[in-house]
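Architecture at a glance
Chain residues, written in single-letter form:
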Amino acid sequence: MEIHKPDAHRREYAYFELPNQLKVVVGSDPHCDKAGAALTVNTGLCDERKDLPGLAHFLEHMLFTGTKKYPKEGEYSEFVKQNGGTTNANTGCYTTNYMFQVKVEALEETLDRFARFFSEPLLTKDCTDREINAVDSEFQAGLTHPAWRDIGILNMSANPAHPFHVACGNNKMLRDDPKEKGLDLYEEMLKFYRDFYSANGMTLSVIGKESIPELEAMIREKFSVIVNKNLSLPRGDAVSDQPPFLPKEWNRLLLQSPVKDVKTLKFSWVLPWQAPLWRSKPKAYATHLLGHEGSGSLTARLKERGLIASCVSSGGGWLEGAFSLLHVQFVLTDGAVHEVEEIGKLLFTYIGMLQKVGAKQWILEEMQRLHRIQFKFMPDRQPFSLAASIAANLQVHPPAEVLSGPVLIYDLDVTGAQEILERLTLEAVRVTHQAKVLEERCTERDSSYDSPMKFEELPDAWRESWCNALHAGSTAEEAVKAAEAVGLHLPHPNPFIPEDLDLKALATPNPVLPRRLQGGEVTRYLFHRQDDVFLQPKALFLCVIRSSLMPSTAMNALRATVYTHIVQEALSEYSYDADIANCSYSLDIGEGSIIFMAGGFHDKLGVLIQAVAQKMVEIGTSSLDSVPENYYRIVVDRLRDGLRNQAFHSQPLSQAKLRFNELSRRVGVFAPEEFLKELELLTREKICGIVSELFSCCHAEAMIAGNQTPEDAQKLVRDLEETLKIPSTMQELKTIEEAAVPSGRTLWNLESTDKDDPNHAVVAKWQLSRGVREACFLQIVNKILSPKFFDILRTQQQLGYVVGMGIGPSTHFNFLTAQVQTEFPPDYVRSRIDAFFEEHFKWLEEGLEEEEFQTCLKGALSELQMKPKNLSEEFGRYQSEFFQRTYDFDRRDRKIQFLESSLGRFIRSVGWVAFDGWARTQRCTDVLWKRRWRMREGPAEQFFSKVDK
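Keep in mind the model is a prediction, meaning the values are calculated, not measured. (Residues numbered from 1 in each chain as written. Predicted model: local features only at pLDDT ≥ 70, side-chain atom pairs only at ≥ 80, totals over all residues. Heavy atoms only, no water.)

**Some thoughts on the UniProt feature "domain: Peptidase M16 C-terminal" (unreviewed entry) in the protein chain**
Those residues carrying the UniProt feature "domain: Peptidase M16 C-terminal" (unreviewed entry) are residues 186–369 in this numbering. Here residues 186–369 runs as 38% helix and 19% strand, with 52 Å between its end C-alpha atoms. (UniProt positions renumbered as here; feature names shortened; annotations may be inferred. Helix = DSSP H or I, 4+ residues; strand = E, 2+ residues; numbered from the N terminus.)

Given below as structure tokens:
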């Protein structure tokens, strides 16, 4: 059987079925540098007892507590991480997914551990309370998130007679409620595993360097022992003869008062389960048009009137399995919070037109063409995500189409698309209105997340208005005229569908790293690399324009931010066609610079870049008309909400990171509270003239990669400069300044700004200089200690759901970071972090065995040696060096060389002892105690000062 694959997938795929009916797709690539696997079980939340919500998720956690052959708790996770890998799992409504990635040499050993979770798990009873706490921590992490609150309300409003329900689980659901009901949670979990985990409902994907026969033999040996219970679980309409939501209960107005500054309006319809229709994807026609942003679209018209900031049309994702959902969600502007009737009127006018003119063959053909191009040139992925998607897709798609099935439109089903449109009726819609101004009306609470909400009947005036809009005109011609009267019409053919898909001739020899070319008058630094690895007709463009205006004040940085966002809004109708044809751009502000990025098929990339540049010089001139009021309001409203959420409703760990950056960086870094103050003083008139201020004196740098010759790259830069017409260049660039951590211990107590989040955060950061040797040292330390840190502080001590260690460079330093987001008192958690490192720093020096050290060394090397799977990954590896102006593009190669040559001797002889000399800082974000932060100043102490460099 041949598996249909994109051009970029060089590996060989094969499908087979084990004697126990477990279905398998393997991918063999003898040149791969990472291996991985994923297994999907066709059961999830909706198969558990409705009176034990969260049971399936609890089982997912318990499955990792050990197996008969590998009984030590946490051994699997530690093995994977030390071998350069990662692991995860998730539970959906109708599937549960498990996956891992490791260095290629460790695949068989990891598979041996992985397979036993499904054939001989211990499901250790002593771990019950601990894993309940882990599930509860996960629940608490999403307590104030709007998406989880939506799901909680969807759950409570479902038909009690239908099996559908969704719950993450928490202490109350999994510990307290079962006791009150006289249920033994552990025994129920065992029963769920025995009843629903069956080989014939499992799909597996394994990616490795071994040949297809070798992979098959490996899998047959390890997975054939999984018991086949011959289960057949119903899906779609077969799940129940009852509807998932009672029509009268669904067709209502749902009011919500969020914690965050969120203003949304959502229209939702329940549809028959769409997954079996994967060949024609009839729902895609409706979501394509309802979410369209081009000329004549619903989004364009509502933005023009200043009513919305954005619109998205989507499905139900992992909630689907018995039914499907279709959503049209608008982000409202401040002035449109109470304009629900008017927005709904335009929506139903557009739907009415779509229903009466009928599904158009040419639109379906254009969608089909776009999807074909998208699949043909779909970039490859790392095994971790690729194996997970294959295993999940194999639950629904035939093996030959496991890669292409979710993407391609095989059959043009005009009738099916029309049937979906006809289901978008007023009688079948649920309207969800979410805003803080609705707080007084939200007199009820949802049963999962205790969020303020209330169901009401749709007002008669709305129903009448929307009914008239939906049925405007009895013919297609009349419906089209009614839509045109309010500025709505079908999209035009997409001009950005690529035509030139040929690869350009390569220079000989072709540089393996970006090299500097002769730039323009302003773009003095131009780096370029023509792709000779992925061989796709795509390119990426990055230009950083540093202006003397922006780093000076928060107001100027804010003005520039608003300006770039208005440019994007003003261009959105034009650029949307490019976006859906895989040619997109972004324009934003970062550390005193305008950051202009574009990418996609090279054919129309230059056209898009020029269109953006032209709009950049048209917006923000001296004329007030150059700052359209509707776009200004949209941008300011959205920016205000984002800044408020960042300042007052971001998670504790995000707050800690934000404050650390504010304290340690000097150029172009401003607090969100500072921006909010300036935003209240900002006017539309203050944006006028900014284009001349921004571009009066600049320094630009660009990096271009992909299917572009050096001459193409130089032309892109020249054309950009000619359009922007920058008169002069900066003679001196400001240095990116970064604070050195004072010697010894520094404690910063930060007062949290989110009163609704029950979590605190504790972050410890160790700072070293940015040398390659120091980076390699931290890589090994992290590889050895990270799994132990997770196991001890999260699994054993249950300090929180978000627990981890990591490393990363800044402009001038390398950092080792340990962090915990927790409900425990921050000082207590900090003491646990201190105790861990005090014990393990000593253990590194005195107790680390050579075998474990070598395993971790090889694991770290495997991560560094991992090749990028697509152009974006390769480009991303160069970006940090480009942004920080080090241009140290071979830094990764030098780290590999250092690890391969001398690190073992260096670490064992000198490295561990030097821990005592580290300058350390801990940052404590304390939500409950409302502490204020303070910083103790002092001279920096370099860790490697005693080591001969």
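**A word on the sheet that holds strand 13 (residues 452–456)**
Within the open sheet, the seven strands sit side by side as 9-10-8-11-7-13-12. Their pairing is mixed. Among the strands making up the open sheet, the edge pair consists of strand 9 (308–314) and strand 12 (444–445). Pairing geometry for strand 12 and strand 13, over two bridges, is antiparallel. Bridged to Arg445 within strand 13 is Pro452. (Pairing = 2+ DSSP bridges.)

**A closer look at the packing of helix 4 (residues 128–141) against helix 6 (residues 171–181)**
Relative orientation of the contacting elements helix 4 and helix 6 amounts to 140°, with a least axis distance of 8 Å. When the axis of helix 4 is compared with that of helix 6, the two are oblique. Together, Asp129, Ile132, Asn133, Val135 and Asp136 of helix 4 and Asn171, Leu174 and Arg175 of helix 6 make up the contact between the two elements. Considering only residue class, the contact of helix 4 with helix 6 consists of three nonpolar, two polar and three charged. (Axes fitted to C-alpha atoms, helices over the stretch in contact; angles between N-to-C directions. Parallel < 35°, antiparallel > 145°, perpendicular 65-115°, else oblique. Contact = heavy atoms within 4.5 Å. Nonpolar A, V, L, I, M, F, W, Y, C, P; charged D, E, K, R; others polar.)

**Some words on the pairing of strand 3 (residues 34–41)**
Counting buried positions over the eight residues of strand 3 gives eight, a clear majority of the element. Side chains Lys34, Gly36, Ala38 and Thr40 of strand 3 all project onto a buried face; the interleaved residues Ala35, Ala37, Leu39 and Val41 project onto the opposite face, where all are buried too. One ladder, built from six bridges, connects strand 3 with strand 6 (residues 202–208); its direction is antiparallel. When the bridges of strand 6 are listed, Ala38 appears paired with Ser205. (Buried < 20%, exposed > 50% of the residue type's maximum accessible area, 1.4 Å probe, protein only.)

**Quick word on the nonpolar core**
Phe114, Phe118, Phe164, Tyr197 and Phe223 are the most contacted members of the largest nonpolar core, which has 77 residues in total. Considering each element in turn, this core owes the most residues, seven residues, to helix 7 (residues 185–196). Counting residues in hydrophobic clusters, the runner-up holds 71 residues, among them Leu558, Ile609, Ile634 and Leu716. (Core = buried A, V, L, I, M, F, W, Y, C linked by side-chain atoms within 4.5 Å.)

**Re the sheet that holds strand 2 (residues 23–28)**
Either a parallel or an antiparallel arrangement is found when strands of a sheet pair, and the pairing is made through backbone hydrogen bonds. Strand order in the open sheet made by the six strands is 1-2-6-3-5-4, with mixed pairing throughout. Each of the sheet's edge strands pairs with one partner strand only, and the pair in question is strand 1 (12–17) and strand 4 (86–91). Ignoring strand direction, the axes of neighbouring strands in this sheet form an average angle of 10°. The sheet contact formed by strand 1 and strand 2 spans six bridges and is antiparallel. The partner of Glu17 across the bridge, within strand 2, is Lys23. Packing of helix 3 (residues 107–116) onto the sheet brings it into contact with strand 3, strand 5 (96–103) and strand 6, and relative to strand 5 it is tilted by some 155°.

**Here we look at the packing of helix 10 (residues 282–290) against helix 15 (residues 414–422)**
Each packed pair of helices is defined by two parameters, the angle between the axes and the distance between the axes. Where helix 10 meets helix 15, the closest approach of the two axes is 7 Å, and the angle between their N-to-C directions is 60°. Classified by the angle between their axes, helix 10 and helix 15 sit oblique to one another. Both helix 10 and helix 15 take part in a crossing whose hand is right-handed. Counted together, Pro282, Lys283, Tyr285 and Ala286 of helix 10 and Gly416, Ala417, Ile420 and Leu421 of helix 15 form the full contact between these two elements. Residues belonging to the contact of helix 10 with helix 15 are distributed by class as follows: six nonpolar, one polar and one charged. (Left-handed = near helix turned anticlockwise from the far one by under 90°.)

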